[in-house]
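# A closer look at the structure
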Amino acid sequence: MSISLSSLILLPVWISMAQIQQGGPDEKEKTTALKDLLSRIDLDELMKKDEPPLDFPDTLEGFEYAFNEKGQLRHIKTGEPFVFNYREDLHRWNQKRYEALGEIITKYVYELLEKDCNLKKISIPVDATESEPKSFIFMSEDALTNPQKLMVLIHGSGVVRAGQWARRLIINEDLDSGTQIPFIKRAMDEGYGVIVLNPNENYIEVEKPKIHVPSSSDSSDEPAEKRERKDKVSKETKKRRDFYEKYRNPQREKEMMQLYIRENGSPEEHAVYVWDHFIAQSAAENVFFVAHSYGGLAFVELMIQREADVKSKVTAVALTDSVHNVWHQEAGKTIREWMRENCCNWVSSSEPLDTSVESMLPDCPRVSADNSPGRKLMMILRRL
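Throughout what follows, the structure given in this document is the object of discussion. Keep in mind that what you see is a predicted model, and the values were worked out from it rather than measured. (Residues numbered from 1 in each chain as written. Predicted model: local features only at pLDDT ≥ 70, side-chain atom pairs only at ≥ 80, totals over all residues. Heavy atoms only, no water.)

## Quick word on unusual backbone geometry
Going from Ile124 to Pro125, the amide bond is cis rather than trans, its omega being 0°. Mapped onto the secondary structure, Pro125 falls in the loop between strand E3 (120–124) and strand E4 (135–139). Phi at Asn118 takes a positive value of approximately 60°, unusual for a residue other than glycine. With respect to the secondary-structure elements, Asn118 resides in the loop between helix H5 (91–115) and E3. (Helix = DSSP H or I, 4+ residues; strand = E, 2+ residues; numbered from the N terminus.)

## Focus: the side chain of His75
With respect to the helices, strands and loops of the structure, His75 is situated in strand E2 (residues 73–75). Reaching out from His75, the side chain makes a polar contact with the backbone nitrogen of Thr78 at a distance of 3.3 Å. When near neighbours in sequence (up to four residues on either side) are disregarded, His75 contacts Glu64, Tyr65 and Glu80. (Polar contact = N/O pair within 3.5 Å; in protein donor to acceptor, adjacent residues only side chain to side chain. Contact = heavy atoms within 4.5 Å.)

## Focus: the nonpolar core
With 43 residues, the main nonpolar core has Leu73, Ile105 and Leu113 as its most contacted residues. A per-element tally of this core places H5 first, with ten residues. Aside from chain neighbours lying at most four places away, what touches Ile105 is Leu60, Phe67, Leu73, Ile170 and Ile171. Within the second largest apolar cluster, 37 residues are counted, among which are Val300, Met303, Ile335 and Cys364. (Core = buried A, V, L, I, M, F, W, Y, C linked by side-chain atoms within 4.5 Å. Buried < 20%, exposed > 50% of the residue type's maximum accessible area, 1.4 Å probe, protein only.)

## What to know about the packing of helix H11 (residues 294–305) against helix H13 (residues 333–342)
Close contact between H11 and H13 brings their axes to 10 Å; oriented N to C, the two are set at 130°. Considering the angle they form, H11 stands oblique to H13. Note on packing geometry: the crossing formed by H11 with H13 is right-handed. For the pair H11 and H13, contact is made by Phe299, Val300, Met303 and Ile304 and by Ile335, Trp338 and Met339, respectively. Here the contact of H11 with H13 is built from residues that sort into seven nonpolar, no polar and no charged. (Axes fitted to C-alpha atoms, helices over the stretch in contact; angles between N-to-C directions. Parallel < 35°, antiparallel > 145°, perpendicular 65-115°, else oblique. Left-handed = near helix turned anticlockwise from the far one by under 90°. Nonpolar A, V, L, I, M, F, W, Y, C, P; charged D, E, K, R; others polar.)

## Here we look at the pattern of salt bridges
Tallied over the entire structure, the rule returns ten salt bridges. Ionic pairing is found between Lys120 and Glu141, a salt bridge with its closest N-O pair at 3.9 Å. Of the two residues, Lys120 is situated in strand E3 and Glu141 in the loop between E4 and strand E5 (149–154); the sequence distance between them amounts to 21 residues. Relative accessible area serves as the criterion here: at 32%, Lys120 is assigned to the partly exposed category. Measuring nitrogen to oxygen at the nearest pair gives 3.4 Å for the salt bridge that ties Glu190 to Arg186. Given the relative accessible area of 28%, Arg186 is considered partly exposed. Among the charged side chains, a network of salt bridges with common partners joins Asp127, Glu132, Arg262 and Glu263. (Salt bridge = Lys/Arg side-chain N within 4 Å of Asp/Glu carboxyl O.)

Right, here's the structure in full:
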């Protein structure tokens, strides 16, 4: 049985606690002091000392994984599905590894949207300067010129990005289940223009600049000898602090700051922005939305802010497990009435497909899409 470094560090404290607890009332003060000491120990930070470096590959090949002909993620050598618990008892490290793989898959899906689906990557804001933070969406060549039909896809919240429904499904099932690619290809085959929103790309992260704290000698009229003595103490204090920080948190990650993208700082803002600058400008007589989870909430917010315009262009909306709430979002009576006529929310249910599911909200009908998220989306696709 292996003993972790953090266990060895805490072992003397645990032994002392056990010995004190065996003593009489006179030992209560010592017990309290030790409990206070234990309460100050950050076990999560201590556990980081046992972790391997958080240094992961930046390609699928580096992870030794690839998507096979069925779109399933498999290990190149063993053919096995992805294993989350790659290293036992290292949940944080395994999670970081999973997140690193997820970022690679996001880029892989972007490539598929451009190469396999022939979509164009469009930068936003449309009038962004060279230096400001930017995001992007994807559009088919005829998205703005197709006179008949336009399909707009909105994913849910979390780590997913344009072209994805669920990262978990991409990794554990296949690309057809977890991405929007089947929707896009079917829509284009049926003569639709396509716009793929990217509502979770709200900011870029940059490393926080280090704040320079001037030494006492920078602006002091003290005697030189006194300044030198104070500077020496300050340097020694900083050295001890840096040593402690390195010991306490050897895998300290860089401190990052978020720079939000103008007019796209939230999924709701993003939906309104894309409507104003693209969808509203399109030639399509009929616009159709497919919105999953939080994407449904973003669509309802779009309706609240652009009600007349949305009603004039949108023909139908397919929602999947939408988390919108017409009461909390303060959607008016006319919006609720329009949603009852033009929207349908397919929800996870054990009932047969398209069975009516009771809803406490006075908005769109809810019907069963069975319990498989991947199959649910495919069922809706067949009804486009």
